[in-house]
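Listed here are the chains, written in short residue letters.
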Amino acid sequence: NAGVMQNPRHLVRRRGQEARLRCSPVKGHSHVYWYRQLPEEGLKFMVYLQKENIIDESGMPKERFSAEFPKEGPSILRIQQVVRGDSAAYFCASSPPGNRGANVLTFGAGSRLTVL
Amino acid sequence: KNEVEQSPQNLTAQEGEFITINCSYSVGISALHWLQQHPGGGIVSLFMLSSGKKKHGRLIATINIQEKHSSLHITASHPRDSAVYICAVLNGGATNKLIFGTGTLLAVQP
């Protein structure tokens, strides 16, 4: 029973390119969370998704960032036209369904984005 | 002022010492997590607490809901315990998003 799988683990992009980060939750988990950790800073919530629904995207930058969690397949965090300030570690976590499901969180190993 | 405050920010200890890391929060919560992050590494959830105390090996976590305070203790510390320890609170409500402390960098010297 694999944990949360994130890929790629490391991604290098040039300014203006697109970055796509994928997250496969724990089998049976229907809630996915994305967090960003900027260099020398703490973790910050970005977005909370359930299958085919964005529940809370209050932590997402207003432009260039989008997230989805389709009925089939992994959750995707997409960053368009990347800038150097997007360089960070992006962590995904998942939890099982139910109101108290979020109490049981499993984190992925993170995807480290470097923008040149 | 951050909604979740940790102290100390940095901690250096000698192998074998008893270590305490503190977390205070100012928001209503449904649960509190203690997380461990090794440099350049992923995040591991150590504990999830909503009341009382939990123990796992040499790690002990306590929470006082009335005082909005939690502590993480490490007994008989070891160099492999060196990591960043992060307190994160679950704010409950509809979205269940985590609010993170800034972390405590622990270095245990042999």
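Every chain begins its residue count from 1, and numbering advances along the sequence as written. Each chain gets a letter, beginning with A, and each ligand a number, beginning with 1, in the order they are written. Whole-chain, interface and lining totals are the exception, using all residues; otherwise, since this is a predicted model, local features are given only for residues with pLDDT of at least 70 and side-chain atom pairs are given and counted only at 80 or more. The side-chain values count all of the structure's non-hydrogen atoms but skip hydrogen atoms and water molecules.

Chemist: Even after reading the chapter, I still don't get the pattern of salt bridges, so can you show me in this structure?
Modeler: One side chain can pair with another of opposite charge once the charged atoms of both are near each other. Salt-bridge detection follows one rule: a side-chain nitrogen of Lys or Arg within 4 Å of a carboxyl oxygen of Asp or Glu. On inspection of all chains with the given rule, the structure shows 4 salt bridges over all chains. Between E18(A) and R20(A) there is a salt bridge whose closest N-O contact spans 2.8 Å. A salt bridge links R58(B) to D81(B), with the shortest nitrogen-to-oxygen separation between them at 2.8 Å. With R58(B) in the loop between β6 (52-56) and β7 (59-64) and D81(B) in the loop between β8 (69-74) and β9 (83-90), this residue pair connects regions lying 23 residues apart in the sequence. Each helix is a run of H or I in the DSSP string that is no shorter than four residues. Each strand is a run of E no shorter than two, and both are numbered from the N terminus.

Chemist: Teacher, can you tell me more about the interface of chain B and chain A here?
Modeler: Note: interface size is frequently given as the accessible area lost on complex formation between the parts. Any two residues having at least one pair of non-hydrogen atoms within 4.5 Å are treated as being in contact. Contact with chain B, which involves 19 residues of that partner, is made by 19 residues of chain A. Buried area, as used here, totals the accessible surface that two parts lose on assembly, with accessibility defined by a 1.4 Å probe and the loss added over both. Interface area, chain B with chain A, both sides summed: about 1600 Å², of which 59% is carbon and sulfur. Applying the counting criterion to the chain B and chain A interface returns 0 salt bridges. Polar contact criterion, stated in full: a pair of N or O atoms within 3.5 Å, where within protein one must be able to donate a hydrogen and the other to accept it, and residues adjacent in sequence count only if both atoms are side-chain atoms. Inspection of the region where chain B meets chain A yields 1 residue pair in polar contact (both at pLDDT 80 or more). Counting residues per element, the ones that place at least two in the side of chain B that touches chain A are β4 (31-37), β5 (43-49), β9 and β10 (98-100) of chain B. When residues in the side of chain B that touches chain A are grouped by element, the largest group, 4 residues, is from β4(B). Residues of the side of chain B that touches chain A, tallied by class, amount to 9 nonpolar, 9 polar and 1 charged. Nonpolar residues are Ala, Val, Leu, Ile, Met, Phe, Trp, Tyr, Cys and Pro. Charged residues are Asp, Glu, Lys and Arg, and all others, Gly as well, are polar.

Chemist: Can you help me understand unusual backbone geometry in this one?
Modeler: Residues other than glycine predominantly adopt negative phi, and peptide bonds predominantly adopt the trans conformation. Residue N7(A) is joined to P8(A) through a cis peptide bond whose omega torsion reads 0°. Within the secondary structure layout, P8(A) lies in the loop between β1 (5-7) and β2 (10-13). That bond from S7(B) to P8(B) is cis: its omega, -10°, falls within 30 degrees of zero. Counting through the fold element by element, P8(B) comes out in the loop between β1 (4-7) and β2 (10-14). The backbone of K68(B) sits at a positive phi, close to 55°, despite the residue not being glycine. Within the secondary structure layout, K68(B) lies in the loop between β7 and β8. Between buried and exposed lies partly exposed: a residue is buried under 20% and exposed over 50% of the maximum accessible area for its type, with that area taken using a 1.4 Å probe on protein chains only. For K68(B), a relative accessible area of 31% puts it in the partly exposed group.

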